[in-house]
Amino acid sequence: MIFTRRGIASIVGLGTVATAMAVSSAIQPAAAQQQQPDNESTFARIRRTKKLRIAGIVGAEPYYHKDIATNAWSGFCVNMAQDLAKSLESEVEIIESTWGNSVLDLQANKIDVMFGLSPTPSRALVVEFTRPILNNTFTIIARPGFEPKAWADLNKPDVKVAVDIGSTHDLYARRSLPNATLIALKTPDEAMLAVQSGRADCVIQVVMLSLVTVKKNPKVGKVIIPTPTVQQPTCAGVRVDADQRFRSFVDNWLEYNRSLGAIRSWISASLDLVGVKPEDIPPEVQF
């Protein structure tokens, strides 16, 4: 039998229309009653659904790693997300994305947080950032025989520097090495290949990536930290939200885990998974 408000009212009598309407509401499909409220905050959505949605980047070790055989995710950003979800009495849901698309995913409310983003001014126009997770040191991977000591040694027309377009590596090179010959390529892999093929003398990468790159293939070159040491903050990106409770919660969670040494432990464990040992990390690098 199909119930309608008019049918129920005729059954119970016009004097009890209010009661009939209550009965009608009670028999509505459960899914309709669980629809996301308008303008629901990120914090409220996570608490309601018990899901913390993050982006996962394939081939972005040690930040993210996806096992092709099992589809299981690992990496220090995944470890962080799992601990954050536990603190929120939720579980992690990973949506495969890319570094560039992750900002769009935040805007579109497809994910709640993106770990491992640099807070560039252009990104800050459309998403918000937490306090730093770590300060990532800029390095170069230099071809064999090329061993500059300082950033000034790279700032010459006869030095060819490879970068991936739109990255923080690209932005740093354009700002700090205006006299170098910049070879801007679409992806980090293409930039690295430019060094291997002899098209470039070096590639700029943050230390979290360069250590892994050279560990995987020692023949590509040598990791060098030119002087003076230059660092950039690596943060978590969150959706712009009138209710700041989620960002505040993540900030507090970060400070708490930094004080316990948990963030350093997560990073070290993920580096170890890809073969980077403590002795491989230059002494001037601090996480």
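Residues numbered from 1 in each chain as written. Predicted model: local features only at pLDDT ≥ 70, side-chain atom pairs only at ≥ 80, totals over all residues. Heavy atoms only, no water.

**Brief notes about unusual backbone geometry**
Across the junction of Glu61 and Pro62, the peptide omega takes the value 5 degrees, indicating a cis bond. With respect to the helices and strands, the residue Pro62 is situated in the loop between β1 (51-57) and β2 (65-66). Of the consecutive residues Thr227 and Pro228, the connecting peptide bond is found in the cis state with omega at -10 degrees. Although it is not a glycine, Lys50 sits at a positive phi angle of roughly 65 degrees. Mapped onto the elements of the fold, Lys50 is located in the loop between α4 (42-49) and β1. By relative accessible area, which is 34% here, Lys50 ends up partly exposed. Residues other than glycine seldom take positive phi values, yet Asn71 does so here, at roughly 65 degrees. (Helix = DSSP H or I, 4+ residues; strand = E, 2+ residues; numbered from the N terminus. Buried < 20%, exposed > 50% of the residue type's maximum accessible area, 1.4 Å probe, protein only.)

**Some remarks on the pattern of salt bridges**
Scanning the model with the defined rule gives 14 salt bridges in all. With a closest N to O distance of 2.8 Å, Glu40 and Arg48 form a salt bridge. Classification of Arg48 as partly exposed rests on a relative accessible area of 37%. One salt bridge connects Arg258 with Glu255, and the closest N-O pair in it is separated by 2.9 Å. Of this pair, Arg258 and Glu255 both sit in helix α11 (residues 245-260), three residues apart, roughly one helical turn. In this structure Glu255 comes out as partly exposed when scored by relative accessible area, which is 34%. (Salt bridge = Lys/Arg side-chain N within 4 Å of Asp/Glu carboxyl O.)

**Considerations on the confidence of the model for the protein chain**
The share of residues in the protein chain with pLDDT of 70 or more is 87%, and the mean pLDDT across the chain is 88. Low pLDDT (under 50) marks residues 1-33, which in the prediction has 15 contacts with non-local residues, meaning those over four places away or in another chain. (pLDDT = per-residue confidence, 0-100. Contact = heavy atoms within 4.5 Å.)

**Examining the packing of helix α5 (residues 76-87) against helix α12 (residues 262-273)**
At a minimum axis distance of 8 Å, the contact between α5 and α12 shows a crossing angle of 140 degrees. When the axes of α5 and α12 are compared, the pair comes out oblique. The crossing of α5 and α12 is right-handed. Packed against α5, whose contacting residues are Phe76, Asn79, Met80 and Asp83, the element α12 presents Trp266, Ile267 and Ser270 at the interface. For the contact of α5 with α12, the class distribution of residues is four nonpolar, two polar and one charged. (Axes fitted to C-alpha atoms, helices over the stretch in contact; angles between N-to-C directions. Parallel < 35°, antiparallel > 145°, perpendicular 65-115°, else oblique. Left-handed = near helix turned anticlockwise from the far one by under 90°. Nonpolar A, V, L, I, M, F, W, Y, C, P; charged D, E, K, R; others polar.)

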